[in-house]
Amino acid sequence: TSLIHNTFKRASVLSYLMVKVFFKTFGCSANASDTEIMKAVLAKEGHTLATNTECAEVIVLNICTVKGDGPALREVRKTQELFPTKKVVLAGCVTRSIVDAIHKAIPGAAFINTHHVDKIGIAVQSVFETPIEVLSGSHVEKTRMPKVRTNQTVGIIQCVSGCDSACTFCSTKLVKGATQSYSL
């Protein structure tokens, strides 16, 4: 928490960079909803939402590791290979098991998990100085957060997060914790 506070304090004292940010989202509808929330947070802060990776300064990879790290790591490596000069923020279902491998692929990446979508602005700023890792299990109430809708026909309302099972093939409980309901 102090790292987040210190990063935010530095960003507010120094000139706050307004950058172009592109989102690439993988996984379930909850990840898609999180992307819509993060886009709204960044737009409110004055950042530009890029329409493609080429014109972006920062790429946010909203990844899914629920059924293993492999697909997410492939996307991380592919992004680094195609866009080696871009800054990268990893968001979404980020397990501790994948962090070291991502650091090897993209040493300057910042991390926020699905519980900290409201910290996306701090994460974006941090990749220009000291990248942050916010991977704790505390929850943020998402149902009333503004969104930049991706699909104007279908709206995603994430009213529950987590899982109470312990399936060996799935890491939902590791990433999202025990089931938690959000009020509508």
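The sections below set out a description of the structure shown in this document. For every chain, the first residue of its written sequence is number 1, and the numbers climb from 1 along that sequence. Only residues with pLDDT of at least 70 get local features here, since the model is predicted, and only at 80 or more are side-chain atom pairs given and counted; chain-wide, interface and lining totals rely on the full set of residues. With hydrogens and water stripped out, all remaining heavy atoms of the structure feed into the side-chain values.

1. Focus: the overall build of the chain
- Helix and strand assignments come from DSSP, with helices taken as H or I runs of at least 4 residues and strands as E runs of at least 2, each series counted from the N terminus. Of regular secondary structure, the chain possesses six helices and eight strands.
- Mapped from its N terminus to its C terminus, the chain presents α and β elements in the order α-β-α-β-β-α-β-α-β-α-β-β-α-β.
- Residues are treated as being in contact if the distance between any of their heavy atoms lies within 4.5 Å. Partitioning the contacts of the chain with sequence separation of at least 6, the portion at a separation of at least 24 is 67%.
- Total accessible area on the chain is roughly 9300 Å²; 57% of this is exposed by carbon and sulfur atoms. Exposure was quantified through the Shrake-Rupley algorithm and a 1.4 Å probe, taking into account, for residues, occlusion by the shown protein chains and nothing else.

2. Quick notes on the pattern of salt bridges
- Basic side-chain nitrogens of Lys or Arg form a salt bridge, by our definition, when they fall within 4 Å of a carboxyl oxygen of Asp or Glu. Taken as a whole, this structure holds five salt bridges when the rule is applied.
- A salt bridge links Glu75 to Lys24; the nearest nitrogen and oxygen atoms lie 3.5 Å apart. Remark: Lys24 occurs in strand 1 (residues 20-25) and Glu75 occurs in helix 3 (residues 70-82); sequence separation between them is 51 residues.
- A salt bridge links Lys119 to Asp118, with the nearest nitrogen and oxygen atoms 3.1 Å apart.

3. As for the sheet that holds strand 1
- The rule for pairing is simple: two strands pair if DSSP sees at least two bridges between them. Here six strands make up an open sheet; going across it, the order is 2-1-3-4-5-6 and the pairing parallel. The sheet is open, and its two borders are formed by strand 2 (48-49) and strand 6 (133-134), each paired with just one other strand.
- With two bridges connecting them, strand 1 and strand 2 associate as parallel partners. Counted as the bridge partner of Val21 is Leu49 from strand 2.

4. Observations concerning the pairing of strand 4 (residues 87-92)
- For strand 4, a buried count of five out of six residues is recorded, marking the element as mostly surrounded by other parts of the structure.
- Relative to strand 4, strand 3 (residues 58-63) is paired through six bridges, and the arrangement is parallel. Of the residues in strand 4, the one forming a bridge with Asn62 is Ala91.
- When the strands point away from the viewer and the connection leading from the first strand across the helix to the second strand turns clockwise, the crossover is called right-handed. Taken together, strand 3, helix 3 and strand 4 constitute a β-α-β crossover, and its handedness is right-handed.
- In terms of strand pairing, strand 4 meets strand 5 (residues 110-112) through two bridges, oriented parallel. In this scheme, a residue with accessible area under 20% of its type's maximum is buried, one over 50% is exposed, and one in between is partly exposed, where area comes from a 1.4 Å probe on protein chains only.

5. Digging into the nonpolar core
- Core analysis: the biggest nonpolar cluster contains 23 residues, and Val21, Val89, Ile112, Ile120 and Val124 have the highest contact counts within it.
- The next biggest cluster of nonpolar side chains, apart from the first, holds 18 residues, and it includes Leu73, Val94, Ile98 and Ile102. Among buried residues, the Ala, Val, Leu, Ile, Met, Phe, Trp, Tyr and Cys ones that are joined through side-chain atoms within 4.5 Å form a nonpolar core.

6. Brief notes about the layout of surface pockets
- In this analysis a 1.4 Å probe is tested at points of a 1 Å grid over the protein atoms alone, and where it fits but cannot get out there is a cavity; an open set with protein on both sides within 12 Å along at least five of seven lines is a pocket; lining residues have an atom within 4 Å of a point. Grid points are joined across faces, edges and corners, and a volume is the space filled by probe spheres set on the points. Of the pockets and cavities examined, the second largest pocket occupies roughly 150 Å³.
- Thr25, Ala32, Thr35, Glu36 and Thr150 are, among the 13 residues lining the second largest pocket, the residues nearest its centre.
- Broken down by secondary-structure element, the contributors of at least two residues to the lining of the second largest pocket are strand 1 and helix 2 (29-45).
- Take the lining of the second largest pocket: its biggest share by element is four residues, from helix 2.

Remember that the coordinates give geometry; whether it matters functionally is a separate question.
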